[in-house]
Amino acid sequence: MKKTMDWSKIGFGYIKTNTMITCLYSDGKWSELQSNTDDNISISALSASLHYGLQAFEGLKAYMGADGIVRLFRPDENAKRLQSSAGYLGMVAPDTELFIKAVEMAVRENIDFVPPFGSGATLYIRPLLLGVGPQIGLDPSKEFLFLVAVTPVGGYNDVSGATKVVIDRDHDRAAPHGTGCYKVGGNYAAAMMSGYRAKKDGYSSVLYLDPKEKRWIDECGTSNFFGIRGNSYITPHSSSILPSITNKSIMTIAESFGMDVQKRPVEITELDSFDEVGSCGTAVVISPIYQIDDPAEHRIYTYKNAGAAGTTSNKLYDALYKIQFGISPDTFGWINTL
Ligand SMILES: Cc1ncc(COP(=O)(O)O)c(C=O)c1O
């Protein structure tokens, strides 16, 4: 596999791997983990996941280090976030031990698909929880299918190229006290059209404002937002933002650099005052933003680092990247090795 694959050409599509791991919850308990060569599943057409959106998912990566060791980054945080998403939807999620066991099994069985160090590519891991079993009533499911699929992915935007984003005042991603802070498919369905429109217009992503007042910054379609002002790392806090594990880690790194870290409501008027802005998440890592367009208000915010990351974004990216790939020691205890 490694010999034939041109890792520089893979994007964020899907490449079939050896196996997918599944596990079924019924009669109050989880089954043993199963390894499947088929990535099709068979569930009732009357499953609540298909009709009522009773599903939640996660996204994390396996990184091949320079030392040939494969690392997972904070999988326990993904387990906890899946449990939180499932709890909101009245679903049963695997406990942290089972979650990590399934993720590690999926990576081990597909170790040949972990792209080599230095290729810029990684193995993306997609845990998915579905409400299954036939029902027509709008009630919580009684049976759940948990699966972990993996596929190699290329670098998304990453720190090497700055992007521009657009504020879309016509669409909301999530309601003020709805599902925005959970990783459930409905949020992505709701944001699909505005994201598609933004990409068609040449933007990497939409920057969503708070859905109630359109006054505060929320986040991008698949990543959190941050601004750097002087020695401060500032990232929005609101009830409709997904708590990013990447952002949480960057905040810890920034604090360790002696930066002033602020997680608080960020008013759109602050956009003028940042030295650097960017988005962060598992897929994009840190993606610097050089321009934010607000067409409805006829405003364009530009940042001096067009085409590259600013100094501070670069420094934070470098520190995170080096921990993920085992170049720096795991001082924060974030790494599971395989
Ligand atoms: C809406 C949204 N915000 C933020 C993130 C970043 O979260 P994380 O850093 O845990 O990948 C993601 C990706 O999971 C996302 O989909």
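**Q** I would appreciate a short explanation of the site of the ligand in the present structure.
**A** Within the structure, the ligand sits among 15 residues, and Tyr188, Glu219, Ser244, Thr246 and Thr282 are positioned closest to it. Between the ligand and Ser244, the relevant distance is 2.6 Å, taken from an oxygen atom to a side-chain nitrogen or oxygen of the residue. One of the backbone nitrogen or oxygen atoms of Ile245 is found 2.9 Å away from an oxygen atom of the ligand. Protein coverage of the free-state accessible area of the ligand, which is 390 Å², stands at 96%. Among the residues making up the shell around the ligand, the classes are represented as three nonpolar, eight polar and four charged.

**Q** I tried to follow the pairing of strand S7 (residues 122–132) on my own but got confused; where do I start?
**A** The buried count for S7 comes to 10 of 11 residues, which makes it a mostly enclosed element. Both strand S4 (residues 55–57) and S7 contribute to a ladder of three bridges, which runs antiparallel. Residue pairing in the sheet places Ala56 in a bridge with Leu129 of S7. Note that strand S5 (residues 60–64) and S7 share three bridges and pair antiparallel. If you follow Lys61 over to S7, its bridge partner there is Tyr124.

**Q** Would you take a moment to explain unusual backbone geometry for this structure?
**A** Where the residue is not glycine, phi is negative for most of them; where a peptide bond is considered, it is trans in most cases. The backbone phi angle of Val285 is positive, close to 60°, even though this residue is not glycine. With respect to the helices and strands, the residue Val285 is situated in strand S16 (residues 285–294). Of note, His298 is a non-glycine position whose phi angle comes to about 55°, a positive value. Looking at where His298 falls in the secondary structure, it is placed in the loop between S16 and strand S17 (299–302).

**Q** So what exactly am I meant to see when it comes to the domain arrangement of the protein here?
**A** A common measure of how large an interface is: the accessible area buried when the components associate. The domain architecture assigned to the protein consists of domain 1 (7–153) and domain 2 (163–324). Centre-to-centre separation of domain 1 and domain 2, based on C-alpha positions: 26 Å. On the side of domain 2, 21 residues touch domain 1, which itself brings 21 residues to the contact. For the pairing of domain 1 and domain 2, the buried interface totals around 1800 Å² over both sides, and the portion due to carbon and sulfur atoms is 62%. Looking at the side of domain 1 facing domain 2, the largest losses of area belong to Phe73, Arg81 and Tyr88, adding up to 33% of the total buried there.

**Q** How do you make sense of the nonpolar core when you look at a structure like this?
**A** The tendency in soluble globular proteins is for nonpolar side chains to be buried side by side. One finds Val107, Ile125, Leu129, Phe146 and Val148 to be the most contacted residues of the largest nonpolar core, which totals 36 residues. Only strand S1 (20–26), S5, strand S6 (70–73), helix H2 (75–88), helix H3 (96–109), S7 and strand S8 (143–153) provide two or more residues apiece to this core. If you look at the next biggest cluster of nonpolar residues, it comprises 21 residues, including Ala254, Ile286, Ala319 and Phe325.

**Q** Whenever I open this one, helix H6 (residues 311–324) confuses me. Can you help?
**A** Given 3.6 residues to a turn, an α-helix orients residues that are three or four positions apart in the same direction. Here H6 contains 14 residues, and its C-alpha end-to-end distance of 20 Å stays within 8% of the 20 Å for a straight helix at 1.5 Å per residue. Turning to H6, its buried residues number three or more, namely Thr312, Ser313, Leu316, Tyr317, Ala319, Leu320, Ile323 and Gln324. For H6, the angular spread of the buried residues around the axis is 165°, confining them to a single face. Just past H6, the residue Gly326 takes up positive phi, approximately 70°.

Criteria and cut-off values
Residues numbered from 1 in each chain as written. Predicted model: local features only at pLDDT ≥ 70, side-chain atom pairs only at ≥ 80, totals over all residues. Heavy atoms only, no water. Near = heavy atom within 4 Å. Polar contact = N/O pair within 3.5 Å; in protein donor to acceptor, adjacent residues only side chain to side chain. Areas by Shrake-Rupley, 256 points an atom, 1.4 Å probe, with all protein chains shown as cover. Nonpolar A, V, L, I, M, F, W, Y, C, P; charged D, E, K, R; others polar. Buried < 20%, exposed > 50% of the residue type's maximum accessible area, 1.4 Å probe, protein only. Helix = DSSP H or I, 4+ residues; strand = E, 2+ residues; numbered from the N terminus. Pairing = 2+ DSSP bridges. Domains from an automatic or database assignment. Contact = heavy atoms within 4.5 Å. Buried area = accessible area lost by both parts, 1.4 Å probe. Core = buried A, V, L, I, M, F, W, Y, C linked by side-chain atoms within 4.5 Å. Expected span 1.5 Å × (residues − 1). Arc of directions from axis to C-beta.

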